[in-house]
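A closer look at the structure
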Amino acid sequence: MLDAVKPETKVVAASDIQTDHEELNASISEFVGSNPEYYIRSFAKVHEATGWFPRTFNTAAALLGPIWSATRGIWGLFWSGLLLEILAWVQIGRGAWGELGGDMLRQAESQLARAEGFRQRAIEAATNGGDAARFEKLAENMTNAAERSQGLAAAAAAESTTILLTGLIFLILIRLWQGFFANNIYEHQYEDWRVRPAKTESGIKPRNAVLGVTLLVLVVPLTVIHFTLPTLIDSLGLFPQGAMDEFPADRSLYSSIATFLEAQIDTAASTWSGAFDSIVAAVRWVLDVLTTGLVGTPWPVVMLVIVVAAWRAAGPRVAIFVVAAMTYLALLGFWEVSMETVALVGAAVVICVLFGIPLGIWFGKSPRAYAFSEPILDLMQTLPAFVYLIPIIAFFGTGNPPGILATIIFGMPPVIRLTALGIRGVPENIKEAAEAFGANKRQLLKDVEIPLALPSIMAGVNQTILMCLSMVVIISLIGGGGLGKSILEALQYAAKGPGLLGGFAILFCAITIDRIVQGAFSGKK
Amino acid sequence: MSETVVELRNVWKVFGQRSDEAMKAIHARGLTKPEVLEEFQCVVGVQDATFSVNRGEIFCIMGLSGSGKSTLVRHINRLIEPTAGEIEVLGQNVNAMTASELRRMRAEQIGMVFQHMALLPHKSVRDNVAYPLEIRQIPKSRRWAISDHALGLVNLTGYKDRLPRELSGGMQQRVGIARALAADPEVLLMDEPFSALDPLIRLQLQDQFKALVAQLKKTTLFITHDLDEAIRIGDRIAIMKDGVVVQIGTPHEIVANPVDDYVREFAQGISKLKLVQAHNIMTSLAEFDGSTDGAKRARTDDDLDHLISLSVDTNLPIVIQNDGQDVGVISKSRLLKGIQGSAE
């Protein structure tokens, strides 16, 4: 509006638009530092190129290889070039001076020595009246084996020229590729540099050259010598024997830390035993309530309730599936254990939701609390269950309630995360509107934040249910009951039939719960 | 009429972690905005705003995006805390209010309408309109009656049981207006309410809104980035630029006497036909030496548009009356100059 169109701007046909070479060349010169004329020409060719194959060849890049890319600060090219070149150099080294078939030769030598030993014993046997013919036979066989080894060694040695040539050709190809594509890659870095000048390497820096050469000198000779003359490093006596093959680990450090941790856990378990026991008691109470409902109630009542729930929540098709699934469970005698499994999952989910949603709301409102909780939630989800089963046994003992606690560790993160996500996703302007009409914090939470975050919270609850279901098998390892126990028993005796039947029972339980819950959340009929 | 309802005195808003230090430095050393940004990494959002709004007035705050008009208006219900200065609403000092007093004032005395409607998507239109009353814990029967009445004011009676997303943008904004009116507040804050709507709907809503406010006698602060809208709606207009209120005046004053190039630039594109009134361009009867026999009559507050339609089929001047008395004359040449904007 004020000066949108400058008066000197003219309308020009697209074909007549000229590149502003002055500005471009000045910026390329600034970027490359040294040898600007060459790069101005090369980048111009890169800019004019239409096909995929480069029209420029950078001799310096081809001759110097990784040293060129390091000096120019193109670290991606440096590392990929270095790795490929190491492959080539190893081949060249093996072909030029490596003992090809060296181990075969050593084998032949020892075989010949043993053949000689057998001959000696044959002579001894002949003088002592023993079975000389047997030792003669053994010596002959050993000699034949040695000859075969020598043959193999010779054949391997004869391939040295081929290996050397392959390595050389590979190296030349790598360098040619670098020569052809160097300017294109460098031009790409130039584009990055234009956008982020502070974060992109430009020009020639001595520091980069020194770093590149140092890396090259450290990595290439060590690797090539290790592959071509394996005995050389050990024979130098600079490092302990075999230091290049295996990291010299300190076993005593491992065992002392492990002992220390064990002592700490034992102390904690006995110090806080009161607290741990009351947690177990609380979990057991929740589990008992659910178990009484699901197992204690006559089975026709429970079945009817589940089928009606499936029908109301997810429609007739799911209800029919649920009837079939429950018939399977009941006919094969899985009914009681299945209900125990459902009670286990239910108790875990109830506790997850009870603590997870308030925590999620808190984390959603306080960025600092969220930043603090994030690594803990990551740990809860990524730590393999087998790892925290051990401290759980130490603190809470074995059986169903500790199993539920393990399930909670694994199952709680999704509901926390998705609640926090939902709370943070509530549009700022709607919250502002509620505030502008005088809403206090509680009203804001009840009328705006929770209702708007509800879809996300429900997705979190559903995720948590599924996670708890998958965990409920693993807790049979620490004495948890239900279907997991049947499967663990089948596993221990490698009983294929019972294992498969139990597996299907868990599958049907999972699908039934998932369908009903999803149907209820989405409100679909 | 001239009772002051909203008053701002030397209100400053400085954004940033060190805003208090920056504010002290501004008072002590008179730093400019770039200096404040450089020295304290603080942004000056509102700079020394002073104005008052009278009862029943529509006070427009006009400025481009980023000029601080939304920030300024959010000081009135303290959605934003001022860094310095005083704000009075209906004689109460807003800065000194406790949290519960503030919530009470927001709920009972100030209604607000937002650019992006900000309706609650899970509540019906009726419950959205009634939400300010729900916050005040007014029983449901009363809430529903009031919200039905408010929806009637914006011609949305048939839509009370719909969800907001089932309504068009213009209708949603009318729900927003109904919600602001539901608590029967003294003051309305309108934050670019019609900016997101298409031009035809906008014109319609502007007219409806102006009529509604005149009927309900609400004191209104109306934010807009469109001077046309400000002139259509506003009794007075404040023009903001980079956090500073550069000019306050009636639409005619803004267009006729812009204080600087910035305001002039805006005012250039404005049609004067509805803005310039007969008394602005008339000459007194004594100065007029021609004949007024058979001349048509008009009133002092008739606009140019009306005067033009009176004079299209005659060469006689128009006689201007006030309360039935002849007070002045506008000749045809005077009228033409008036349209051009050079008669004053």
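Residues numbered from 1 in each chain as written. Chains lettered and ligands numbered in written order. Predicted model: local features only at pLDDT ≥ 70, side-chain atom pairs only at ≥ 80, totals over all residues. Heavy atoms only, no water.

Selection rule: UniProt positions are given in the numbering used here, feature names are shortened, and annotations may be inferred rather than shown by experiment.
As recorded by an unreviewed UniProt entry, chain B carries the name Quaternary amine transport ATP-binding protein and is attributed to Epibacterium ulvae. Turning to chain B, the UniProt annotation filed under Subcellular location (unreviewed entry) states: "Cell inner membrane".

As annotated in an unreviewed UniProt entry, chain A is Glycine betaine/proline transport system permease protein from Epibacterium ulvae. Heading Subcellular location (unreviewed entry) of the UniProt record for chain A holds this comment: "Cell membrane". The record in UniProt for chain A states the following under Sequence similarities (unreviewed entry): "Belongs to the binding-protein-dependent transport system permease family."

1. Observations regarding the domain arrangement of chain A
Defined as follows: An automatic or database domain assignment provides the domain bounds reported here.
If you check the domain split of chain A, you get domain 1 (20–99 + 161–236), domain 2 (102–158) and domain 3 (271–522). Averaged C-alpha coordinates put domain 2 of chain A and domain 3 of chain A at centres separated by 70 Å.

2. Considering the interface of chain A and chain B
Where we set the bar: When checking whether two residues touch, look at their non-hydrogen atoms; a contact exists if any pair is within 4.5 Å. Once two parts are brought into contact, the accessible area they lose, counted with a 1.4 Å probe and summed over both, makes up the buried area. Polar contact criterion, stated in full: a pair of N or O atoms within 3.5 Å, where within protein one must be able to donate a hydrogen and the other to accept it, and residues adjacent in sequence count only if both atoms are side-chain atoms. Elements are defined by DSSP. Helices are runs of H or I of four residues or more, strands are runs of E of two residues or more, and each kind is numbered from the N terminus. Only Asp, Glu, Lys and Arg are considered charged in this grouping, and only Ala, Val, Leu, Ile, Met, Phe, Trp, Tyr, Cys and Pro are considered nonpolar; every other residue, Gly among them, is considered polar.
Contact with chain A, which involves 20 residues of that partner, is made by 25 residues of chain B. Overall, the association of chain A and chain B removes approximately 1,900 Å² of surface from exposure, summing both partners, and the carbon and sulfur fraction of that is 63%. If you sort the residues of chain A by the area they bury against chain B, Glu-432, Ala-436 and Phe-437 of chain A come out on top, with a joint share of 34%. At the junction of chain A and chain B, the tally comes to 5 residue pairs in polar contact (both at pLDDT 80 or more). Listing elements by their share of the side of chain A that touches chain B, those giving two or more residues are α19 (428–436) and α20 (441–471) of chain A. Of the residues assigned to the side of chain A that touches chain B, the class counts are 11 nonpolar, 4 polar and 5 charged.

3. Points about the UniProt feature "domain: ABC transmembrane type-1" (unreviewed entry) in chain A
When the UniProt feature table is mapped to this numbering, "domain: ABC transmembrane type-1" (unreviewed entry) covers residues 338–517 of chain A. With 85% helix and 0% strand, residues 338–517 of chain A has end C-alpha atoms that lie 17 Å from one another.

4. A look at the sheet that holds strand β4 (residues 84–89) of chain B
All names here are of chain B. Short version of the rule: When DSSP finds two or more bridges between a pair of strands, those strands are recorded as paired.
Pairing is antiparallel across the open sheet formed by 4 strands, whose spatial order is β2-β1-β4-β5. The sheet is open, and its two borders are formed by β2 (43–54) and β5 (92–93), each paired with just one other strand. Direction of pairing for β4 relative to β5: antiparallel, over a ladder of 2 bridges. Looking at the pairing, Val-89 lines up with Gln-92 of β5.

5. A word on the UniProt feature "domain: AAA+ ATPase" (unreviewed entry) in chain B
The residues that UniProt annotates with the feature "domain: AAA+ ATPase" (unreviewed entry) are residues 55–244 of chain B. Helix makes up 42% of residues 55–244 of chain B and strand 18%, whereas the separation of the span's terminal C-alpha atoms amounts to 24 Å.

6. Observations concerning the sheet that holds strand β13 (residues 318–322) of chain B
All names here are of chain B. Strand order in the open sheet made by the 4 strands is β11-β14-β13-β12, with mixed pairing throughout. At either end of the open sheet lies a strand with only one pairing partner, and these are β11 (283–284) and β12 (296–299). Both β13 and strand β14 (residues 325–330) contribute to a ladder of 5 bridges, which runs antiparallel. Paired with Val-319 across the strands is Val-329, a residue of β14.

7. Considering the nonpolar core
The test is simple: Nonpolar cores are built from buried Ala, Val, Leu, Ile, Met, Phe, Trp, Tyr and Cys residues. Side-chain atoms within 4.5 Å join them into one set. Only protein chains enter the area calculation, which uses a 1.4 Å probe; residues under 20% of their type maximum are buried, those over 50% are exposed, and those in between are partly exposed.
Counting 67 residues, the largest nonpolar core has Ile-404 and Ile-408 of chain A as the members making the most contacts within it. A per-element tally of this core places helix α15 (residues 335–365) of chain A first, with 11 residues. For Ile-404 of chain A, the contacting residues outside a window of four places in its chain are Val-283, Leu-287, Leu-344, Ala-347, Ala-348 and Ile-475 of chain A. Counting 47 residues, the second largest nonpolar core, distinct from the first, contains Ala-433 of chain A together with Val-5, Val-53 and Leu-120 of chain B.

8. A look at a nonpolar patch on the surface
Residue and element names in this part refer to chain A. Condition: Residues qualify for a patch when their relative accessible area is over 30% and they have no salt bridge, like charges being joined within 9 Å and the nonpolar side chains of Val, Leu, Ile, Met, Phe, Trp and Tyr within 5 Å. All accessibility values rest on the Shrake-Rupley procedure with a 1.4 Å probe; residue burial counts only the protein chains present in the view. Salt bridge, as applied in this entry: a Lys or Arg side-chain nitrogen positioned within 4 Å of an Asp or Glu carboxyl oxygen.
Together, Phe-57, Leu-165, Leu-168, Ile-169, Ile-172, Leu-173 and Leu-176 line one region of the surface with nonpolar side chains, adding up to about 610 Å² of accessible area. By the element assignment, Leu-168 lies in helix α8 (residues 160–195). Among the residues examined, Leu-168 registers a relative accessible area of 36% and is labelled partly exposed.

9. Here we look at the confidence of the model for chain B
Here is the rule we go by: The pLDDT value tells you how sure the predictor is about a given residue, anywhere from 0 up to 100.
Across chain B, pLDDT averages 87, with 98% of residues at or above 70. On the interface metric, ipTM, the complex scores 0.83, and its pTM is 0.75.

10. Focus: the side chain of Lys-431 of chain A
Residue and element names in this part refer to chain A. Mapping Lys-431 onto the fold places it in helix α19. Looking at Lys-431, the relative accessible area reads 13%, which means it is buried. If we skip the residues at most four places from it in the chain, Lys-431 touches Val-426, Leu-444, Val-448 and Glu-449.

11. Structural notes on the pairing of strand β6 (residues 110–113) of chain B
Residues and elements named next belong to chain B. Both faces of β6 are covered, namely the face carrying Ile-110 and Met-112 and the face carrying Gly-111 and Val-113. Judged from the 4 bridges that link them, β6 and strand β7 (residues 187–191) form a sheet pairing that is parallel. Bridging from a neighbouring strand, Ile-110 pairs with Val-187 of β7.

12. Some points on the pairing of β14 of chain B
Residue and element names in this part refer to chain B. Across 2 bridges, β11 lies against β14 in antiparallel orientation. Residue Ser-284 lies in a different strand from β14, and its bridge partner there is Gly-328. The hairpin turn running from β13 into β14, its antiparallel successor, is 2 residues long, and Asp-323 in that turn takes a positive phi close to 50°.

13. Notes on unusual backbone geometry
The phi angle at Asn-35 of chain A is positive, at roughly 55°, despite the residue not being glycine. With respect to the secondary-structure elements, Asn-35 of chain A resides in the loop between α1 (21–32) and α2 (36–48). By relative accessible area, which is 42% here, Asn-35 of chain A ends up partly exposed. The phi angle at Asp-323 of chain B is positive, at roughly 50°, despite the residue not being glycine.

14. Let's talk about helix α5 (residues 75–96) of chain A
Residues and elements named next belong to chain A. Let me state the cut-off plainly: Working rule for helices: expected span equals 1.5 Å times residues minus one.
Taking 1.5 Å as the rise per residue, α5 with 22 residues should run 32 Å; its terminal C-alpha atoms sit 30 Å apart, in good agreement. Of all the positions in α5, only Leu-77, Phe-78, Gly-81, Leu-82, Glu-85, Ile-86, Ala-88, Val-90, Ile-92, Gly-93 and Gly-95 are classed as buried. Looking at the buried side of α5, the elements it contacts are α4 (66–71), α8 and α9 (206–228).

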